[in-house]
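This is what each chain is made of:
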Amino acid sequence: MTTAESAPTATPDPYAGRPVRWGVAATGGIARSFAADLPLLGGSELVAVGSRSAERAEAFAAGLPVAGGAPRPRAHGSYAELFADPDVDVVYVATPHAQHAEVALAAIEAGKHVLVEKAFTLTGAEAREVVAAARGRGVFACEAMWARWQPGVLRLRELVAAGVVGEVRHVSASFGFALPFDPAHRLYDPARGGGALLDLGIYPLSFASMLLGVPQEVRALGVVGATGVDEAVTWTSQHAGGALATGLATLRASVPAAAVVAGSEGRIVLPELFFRPPVLRVERDGAEPETVEVTWEGGGYQFEAAEVERCLRAGLVESPAMPLDETVALMDAMDGIRRQLGVRYPGE
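Residues numbered from 1 in each chain as written. Predicted model: local features only at pLDDT ≥ 70, side-chain atom pairs only at ≥ 80, totals over all residues. Heavy atoms only, no water.

## Topic: the overall build of the protein chain
Okay, step 1: For the protein chain, the count of helices and strands is 9 helices and 15 strands.
Okay, step 2: Over its C-alpha atoms the protein chain spans a radius of gyration of 20 Å, differing by no more than 12% from the 20 Å that the globule rule assigns to 348 residues.
Okay, step 3: Here the C-alpha coordinates of the protein chain stretch approximately 60 × 45 × 35 Å along the principal axes.
Okay, step 4: Residue burial in the protein chain is summarised as follows: out of 348 residues, 53% are buried.
Okay, step 5: Taking the contacts inside the protein chain whose residues are at least 6 apart along the sequence as the reference set, 69% of them involve residues at least 24 apart.
Okay, step 6: On the protein chain, roughly 14200 Å² of surface is accessible, and the fraction owed to carbon and sulfur atoms is 53%.
Okay, step 7: The positive charge centre, built from 29 side chains, and the negative charge centre, built from 41, are 1 Å apart in the protein chain. (Helix = DSSP H or I, 4+ residues; strand = E, 2+ residues; numbered from the N terminus. Rg over C-alpha atoms; globule rule 2.2 N^0.38 Å. Buried < 20%, exposed > 50% of the residue type's maximum accessible area, 1.4 Å probe, protein only. Contact = heavy atoms within 4.5 Å. Areas by Shrake-Rupley, 256 points an atom, 1.4 Å probe, with all protein chains shown as cover. Lys, Arg positive; Asp, Glu negative; His and termini not counted. Charge placed at Lys NZ, Arg CZ, Asp CG, Glu CD.)

## Some details on unusual backbone geometry
Okay, step 1: A cis amide bond links Lys-118 to the next residue, Ala-119, at an omega of -15 degrees.
Okay, step 2: Here Ala-119 shows up in the loop between strand E5 (113–117) and helix H5 (124–137).
Okay, step 3: The phi dihedral of Ala-26 is positive, around 110 degrees, even though this residue is not glycine.
Okay, step 4: Looking at the element boundaries, Ala-26 is found in the loop between strand E1 (20–25) and helix H1 (29–37).
Okay, step 5: What makes Ala-26 buried here is its relative accessible area of 8%.

## Focus: the pattern of salt bridges
Okay, step 1: This structure, assessed with the given rule, holds 25 salt bridges.
Okay, step 2: The partner of Lys-118 in a salt bridge is Glu-117, and the shortest N-O contact between them spans 2.7 Å. Considered together, Lys-118 and Glu-117 belong to a single accessibility category, that of buried residues.
Okay, step 3: A salt bridge links Glu-307 to Arg-310; the shortest N-O distance between them is 3.0 Å. Of the two residues, Glu-307 and Arg-310 both sit in helix H8 (residues 302–314), 3 residues apart, roughly one turn of that helix.
Okay, step 4: Residue Glu-307 is classed as buried on the basis of its relative accessible area of 10%. (Salt bridge = Lys/Arg side-chain N within 4 Å of Asp/Glu carboxyl O.)

## Considerations on the side chain of Ser-174
Okay, step 1: Inspection of the secondary structure assignment puts Ser-174 in strand E7 (residues 168–178).
Okay, step 2: Among the polar contacts made by the side chain of Ser-174, one reaches the main-chain carbonyl oxygen of Pro-256 at a distance of 2.6 Å.
Okay, step 3: Excluding residues that lie within four positions of it along the chain, Ser-174 makes contacts with Leu-248, Val-255, Pro-256, Ala-257, Ala-258 and Phe-274. (Polar contact = N/O pair within 3.5 Å; in protein donor to acceptor, adjacent residues only side chain to side chain.)

## Regarding the pairing of strand E13 (residues 266–270)
Looking along a regular strand, one sees side chains alternate from face to face of the sheet.
Okay, step 1: Judged by how many residues are buried, E13 sits mostly within the fold: 4 of 5 residues are covered.
Okay, step 2: The pairing of strand E12 (residues 259–263) with E13 spans 5 bridges and is antiparallel. The residue bridging Ala-259 from the neighbouring strand is Leu-270, located in E13. (Pairing = 2+ DSSP bridges.)

## As for the UniProt feature "domain: GFO/IDH/MocA-like oxidoreductase" (unreviewed entry) in the protein chain
Okay, step 1: Taking the UniProt record as the reference, the feature "domain: GFO/IDH/MocA-like oxidoreductase" (unreviewed entry) is found at residues 154–268.
Okay, step 2: The distance from the first to the last C-alpha atom of residues 154–268 is 13 Å, and the span holds 22% helix and 41% strand. (UniProt positions renumbered as here; feature names shortened; annotations may be inferred.)

## Concerning the nonpolar core
Okay, step 1: Residues Trp-22, Leu-156, Phe-207, Val-261, Ile-268 and Phe-274 are the most contacted members of the largest nonpolar core, which totals 114 residues.
Okay, step 2: The greatest single-element share of this core, amounting to 12 residues, is contributed by helix H7 (residues 196–212).
Okay, step 3: With residues near it in sequence (within four places) discarded, Val-261 still touches Leu-156, Val-160, Val-168, His-170, Val-171, Phe-207, Leu-211, Gly-266, Arg-267, Ile-268 and Leu-270. (Core = buried A, V, L, I, M, F, W, Y, C linked by side-chain atoms within 4.5 Å.)

## Some words on the packing of aromatic side chains
Okay, step 1: Within the structure shown, the criterion is met by 11 aromatic pairs.
Okay, step 2: Ring centres of Tyr-79 and Phe-83 lie 6.4 Å apart, and the angle between their planes is 20 degrees; on these two criteria the pair is classed as stacked. On the criterion of helical spacing, the pair formed by Tyr-79 and Phe-83 is a turn pair, its members being 4 residues apart in helix H3 (residues 79–84).
Okay, step 3: Classification of Tyr-79 as buried rests on a relative accessible area of 12%.
Okay, step 4: On the basis of relative accessible area, Phe-83 is assigned to the buried category, the value being 6%. (Phe/Tyr/Trp six-rings, centres within 6.5 Å; stacked < 30°, edge-to-face > 60°.)

What follows is the structure, encoded as structure tokens:
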């Protein structure tokens with residue numbers, strides 16, 4: 001299991017006595033899910049939303065439930081207006097992949113902390129640019145890999161750390177569904193970072209990295225469709241100490257979003273959804289299987305927001321659970337997988 005610490009500063013909590021104030025960049029489904037879960041946190045609040053369209057921003061803000069007499073988030077008709085809002089401390093970047101780097105860099109330049117949806121950027125080069133900008137500006141930045149903070153995943157990591165299944169030597173995970181071909185759909189559009197890898201493959205890839213460390217080598221096979229995106233991809237990665245991981249991401253078939261963490265003395269099975277597991281099944285050699293059930297309130301997006309809030313109040317500029325260097329390494333790994341498949345995005 002990888003760990004990376006960012007030492008807190010000696011300064012007091014800069015948000016003492018008030019909530020951490022969020023702005024959301026984009027108005028799609030994942031932005032709406034994030035906004036719906038944010039009220040579950042007592043120390044954070046959504047104060048503004050930005051879009052390339054004033055109408056979409058206003059509709060998004062108007063559609064959010066508001067408790068009591070609390071004001072609705074302000075609606076900004078551009079991302080520049082959102083980043084200029086003095087009441088916004090941190091921006092959740094929920095645009096399509098191809099816009100992540102541009103939007104995150106603009107927010108960082110404005111002095112805002114950022115939580116950037118996965119995949120973090122289109123390429124490793126873009127990821128390096130965003131990370132360098134955040135570190136140069138001294139602001140917090142993190143990939144919104146919400147799985148890292150799900151209660152079931154935290155319980156999994158505790159079990160692994162306790163040696164319940166011995167030394168972890170193999171991790172397997174898959175995520176996919178049959179999506180009818182439509183060249184206009186974002187997942188079939190290379191200009192928008194389409195394909196199975198960035199949208200779905202980041203889950204099993206990051207899951208294995210969380211448990212085994214970043215991959216040292218990745219070998220991939222896949223199917224490239226008519227629009228030039230990866231419609232299906234499978235890979236094997238090698239990690240420190242000889243551990244292996246296998247992953248599958250596909251738009252061509254309905255596969256379970258499940259994972260198995262296999263060790264020298266047993267395994268832990270995560271049925272759907274492995275990145276937000278309600279159940280863990282521990283199967284130790286020579287023992288009866290044990291079931292660990294996990295419950296939570298809301299959709300699960302509040303946990304990544306809670307981590308951002310915790311880090312900001314502690315003076316951290318990155319999350320120990322999702323270090324920026326690991327994010328860059330995973331983007332590099334996906335670049336390598338795409339090279340093996342012959343997939344290139346416009347402008348590369």
